[in-house]
Amino acid sequence: MQDRRQNAAWRLDRPQESDWAAAARLERAANLSPWGEVAYRRAAAHGLALVARTADGEVCGFIIGHIAGDTLEVDNLAVAAEWRRRGVGTALMAALGAQARARGARRVTLEVRASNIAAQRFYERCGLRVVGQRGAYYREPVEDALVMSGPLDGGQT
Ligand SMILES: CC(C)(COP(=O)(O)OP(=O)(O)OC[C@H]1O[C@@H](n2cnc3c(N)ncnc32)[C@H](O)[C@@H]1OP(=O)(O)O)[C@@H](O)C(=O)NCCC(=O)NCCS
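Residues numbered from 1 in each chain as written. Predicted model: local features only at pLDDT ≥ 70, side-chain atom pairs only at ≥ 80, totals over all residues.

1. Some remarks on the sheet that holds strand 1 (residues 10-13)
Okay, so step 1: Judged by pairing direction, the sheet is mixed, and its seven strands sit side by side in the order 1-2-3-4-5-7-6 without closing on themselves. Unpaired on one side and paired on the other, strand 1 and strand 6 (129-138) mark the two borders of the sheet. Geometrically, the sheet is characterised by an average inter-axis angle of 25° between neighbouring strands, direction not taken into account.
Okay, so step 2: In the sheet, strand 2 (residues 48-54) pairs with strand 3 (residues 59-68) via six bridges, with the strands oriented antiparallel. The residue bridging alanine 49 from the neighbouring strand is isoleucine 64, located in strand 3.
Okay, so step 3: With respect to the sheet, helix 1 (residues 19-29) is in contact with strand 2, strand 3 and strand 4 (71-79), its orientation differing from that of strand 3 by roughly 95°. (Pairing = 2+ DSSP bridges. Helix = DSSP H or I, 4+ residues; strand = E, 2+ residues; numbered from the N terminus. Axes fitted to C-alpha atoms, helices over the stretch in contact; angles between N-to-C directions. Contact = placed C-beta atoms within 7 Å.)

2. Describing the site of the ligand
Okay, so step 1: Around the ligand lies a shell of 19 residues, among which Arg84, Gly89, Thr90, Ala118 and Arg121 are the nearest.
Okay, so step 2: With five residues, helix 4 (residues 117-125) is the single largest residue contributor to the shell around the ligand.
Okay, so step 3: Looking at the shell around the ligand residue by residue, the classes come out as ten nonpolar, four polar and five charged. (Near = placed C-beta within 6 Å. Nonpolar A, V, L, I, M, F, W, Y, C, P; charged D, E, K, R; others polar.)

3. Quick word on the pairing of strand 1
Okay, so step 1: Burial along strand 1 is one-sided: the residues Trp10 and Leu12 are buried and none of Arg11 and Asp13 is.
Okay, so step 2: Bridge analysis of strand 1 against strand 2 gives four bridges, and the strand direction is antiparallel. Bridge pairing in strand 2 places arginine 11 opposite arginine 53. (Buried ≥ 20, exposed ≤ 12 C-beta atoms within 10 Å, placed from the backbone.)

4. What to know about the packing of helix 1 against helix 2 (residues 37-46)
Okay, so step 1: At a minimum axis separation of 8 Å, helix 1 and helix 2 run at an interaxial angle of 120°. The angle between helix 1 and helix 2 places the two elements in the oblique class. For the pair helix 1 and helix 2, the crossing hand works out as right-handed. Taking contact as the criterion, the partners of Trp20, Ala21, Ala23 and Ala24 in helix 1 are, on helix 2, Glu37, Tyr40, Arg41 and Ala44.
Okay, so step 2: Across the contact of helix 1 with helix 2, the residue classes tally to six nonpolar, no polar and two charged. (Parallel < 35°, antiparallel > 145°, perpendicular 65-115°, else oblique. Left-handed = near helix turned anticlockwise from the far one by under 90°.)

5. A few points about the environment of arginine 125
Okay, so step 1: Structurally, arginine 125 is set in helix 4.
Okay, so step 2: For arginine 125, a count of 14 C-beta atoms within 10 Å translates into the label partly exposed.

6. Brief notes about the pairing of strand 3
Each regular strand shows side chains that alternate between the opposite faces of the sheet.
Okay, so step 1: For strand 3, the buried fraction is high: seven of the ten residues fall into the buried class.
Okay, so step 2: What sits between strand 2 and strand 3 in their antiparallel hairpin is a turn of four residues, with glycine 57 showing a positive phi close to 90°.
Okay, so step 3: In this structure, strand 3 lies alongside strand 4, joined through eight bridges in antiparallel fashion. Within strand 4, the residue paired with isoleucine 64 across the bridge is asparagine 76.
Okay, so step 4: Two successive antiparallel strands, strand 3 and strand 4, enclose a turn made up of two residues, where glycine 69 displays a positive phi of approximately 65°.

Now the structure itself:
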């Protein structure tokens, strides 16, 4: 898999079973609502998933989603703190989007915590816009979700 911003430091890859423990660690470090290793493994088996690896094979990012109708729903995405702002998240979104397009999806949608401004800026850069809000969608802490959506064929720079 290629992306214009990939380089020798990291690359996208298909996840191995053993990668989901590392993904769960990234999730905890990023304070995301916990899914955990078992749920990731199960979701990846039924949906779409990719990891980013460092040159020594460590997982430094992951994305997981599923297709519902003509829409790619992104379930979770995280990049290790020390690997952020290097294009890893953009590459994961673009590559999962390409896989979903190949399966007929035309839009992408996701929920993001209302307080997660960094992720909202990131998704805007991926071509998504806020299209709705879900009250008290998240737990620990309870918080609204913003629903963001966009076309799969545009804006993923
Ligand atoms: C959101 C996240 C996945 C972005 O991953 P990333 O690899 O850093 O993203 P990229 O390097 O591809 O960023 C692309 C662009 O998005 C925007 N962006 C990314 N992080 C941003 C931030 N913290 N603040 C503002 N804009 C940001 C910038 O425009 C960036 O381009 P630039 O670096 O040239 O300015 C990452 O910050 C992360 O894992 N956060 C914690 C987990 C999380 O919140 N996941 C989303 C759950 S819904």
